[in-house]
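Chain residues, written in single-letter form:
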Amino acid sequence: LRRIVILMIVSCCLEPTLSSKTTSFAIRSSLSPVARLHSNNRHSRTWLRCETPTRSTTKCQRSSLSEEETIELRTLYLHRIGISKPEAEALIHRKPNTDDLQQLLWAHLLNVPFENMDQHTHPSHGTHTIEVPRLRKKNLPSLDVTRSLEKIVRRGRGGFCFELNFSFAWLLNSLGYSVRLALADVGCQQTLPGKVPAHVVILVDELFNNEDIATPILVDPGFGTPGVCELILPLTYNNPVDSRGDLFRFDIDHTHSRFDTVLLRTRVTDTSVEEKMYRFNAADDLMFDSEEFAKGLDYVLEVSPTFNEKRICVLSTSDGHVTLGRDYVKWIERGEMVKRVELTSETEWRSAVMDLFGVVLHPE
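Residues numbered from 1 in each chain as written. Predicted model: local features only at pLDDT ≥ 70, side-chain atom pairs only at ≥ 80, totals over all residues. Heavy atoms only, no water.

A. How the structure looks around the sheet that holds strand β9 (residues 246–252). In spatial order, the strands read β7-β6-β3-β2-β11-β10-β9-β8; together these eight strands make up an open sheet with antiparallel pairing. Single-partner strands in this sheet number two, and they are β7 (233–234) and β8 (241–243). Note: strand β6 (residues 217–219) against β7, two bridges, orientation antiparallel. Looking across to β7, one finds that Ile 217 is bridged to Pro 234. Each of β2 (178–186), β3 (199–205) and β6 is contacted by helix α7 (residues 161–174), which is oriented at about 15° to β3, the strand it contacts most. (Pairing = 2+ DSSP bridges. Helix = DSSP H or I, 4+ residues; strand = E, 2+ residues; numbered from the N terminus. Contact = heavy atoms within 4.5 Å. Axes fitted to C-alpha atoms, helices over the stretch in contact; angles between N-to-C directions.)

B. A look at the pattern of salt bridges. All told, the structure shown has 23 salt bridges when counted by the stated rule. Between Glu 72 and Arg 154 there is a salt bridge; the shortest N-O distance is 3.8 Å. Within this pair, whereas Glu 72 is found in helix α3 (residues 67–80), its partner Arg 154 is found in helix α6 (residues 145–154), the two being separated by 82 residues in sequence. For Glu 72, a relative accessible area of 41% gives the class partly exposed. Linking Asp 118 and Arg 157 is a salt bridge whose minimum nitrogen-to-oxygen distance equals 3.1 Å. Of this pair, Asp 118 sits in the loop between β1 (114–115) and α6 while Arg 157 sits in the loop between α6 and α7, and the two are 39 residues apart along the sequence. Taking relative accessible area as the criterion, Asp 118 reaches 7% and is therefore assigned buried. (Salt bridge = Lys/Arg side-chain N within 4 Å of Asp/Glu carboxyl O. Buried < 20%, exposed > 50% of the residue type's maximum accessible area, 1.4 Å probe, protein only.)

Here you go:
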């Protein structure tokens with residue numbers, strides 16, 4: 001009888017505790033990913049891979065560069081994206097802020113092209129017709145941020161998402177910004193059989209609060225136009241942001257356990273359709289050489305027809321973007337083509353890629 005009484009007392013004592021835990025879990029589950037991140041920050045971050053990034057602990061910042069090399073490369077990088085020396089000095093000495101972050105993103109988009117030239121061999125100048133370039137297996141893009149910085153900053157080239165966003169994240173970190181890297185699933189379809197999520201986005205912390213909740217800002221200069229958003233995007237859900245007529249907004253994603261947030265876009269040319277650009281996890285904090293990025297890079301280089309079957313070069317302009325295709329150049333403003341020039345030879349193609357994008361190629 002005494003055992004029964006003791007068990008009844010223990011049960012009564014435990015019941016409120018269990019109920020409280022269940023209620024707390026239910027409340028957290030109903031929160032947005034950003035609010036859930038904030039809620040967990042106040043209690044326990046064990047479900048994350050590390051603590052909130054700081055200037056000294058941000059995972060993606062690690063590279064083989066010394067402090068002196070970092071300072072030199074940061075100066076060259078700012079010059080590469082058109083920041084004057086006086087403004088560069090001011091940027092370096094100011095605390096991170098959203099205005100400077102927006103300026104840096106815009107400068108990067110205007111000066112560093114989205115391109116995949118290193119994936120292909122290139123016909124010689126004397127070729128009369130534009131050939132489909134062969135894939136090449138050496139000097140391919142990698143997850144080594146130092147190589148990407150060398151390519152973009154010192155060689156005046158561009159790159160695709162991993163190279164561009166890794167490098168831009170490095171620049172932001174060198175300026176004192178708290179940055180994280182997140183895996184993204186383009187079109188919300190790269191988790192289907194035979195596909196692999198193969199995009200990376202940058203999340204910047206400690207700059208924005210929404211209703212007293214610390215809110216990350218998404219920055220993505222490496223998506224490639226058309227589609228790139230020229231604005232920094234705080235992760236406020238269902239709050240459309242206008243970027244040259246295109247509307248971008250975040251929503252909660254419940255369709256895949258790996259991701260919790262989706263970025264949607266409504267094009268200025270078709271306001272009746274809202275398309276899924278990509279989904280990601282607002283809590284991600286991945287290393288440059290993470291296994292997921294390695295799988296994504298391998299998919300891009302070996303499988304994806306978007307990059308394997310043609311040379312791509314795209315650059316933002318003050319009014320839209322300019323695209324170099326297989327045998328043409330076209331200029332787009334607010335979703336509409338305003339000019340197109342046909343190219344009839346590799347010589348004309350090389351001239352276009354150099355004059356419009358500053359890229360110099362060498363035949364192999």
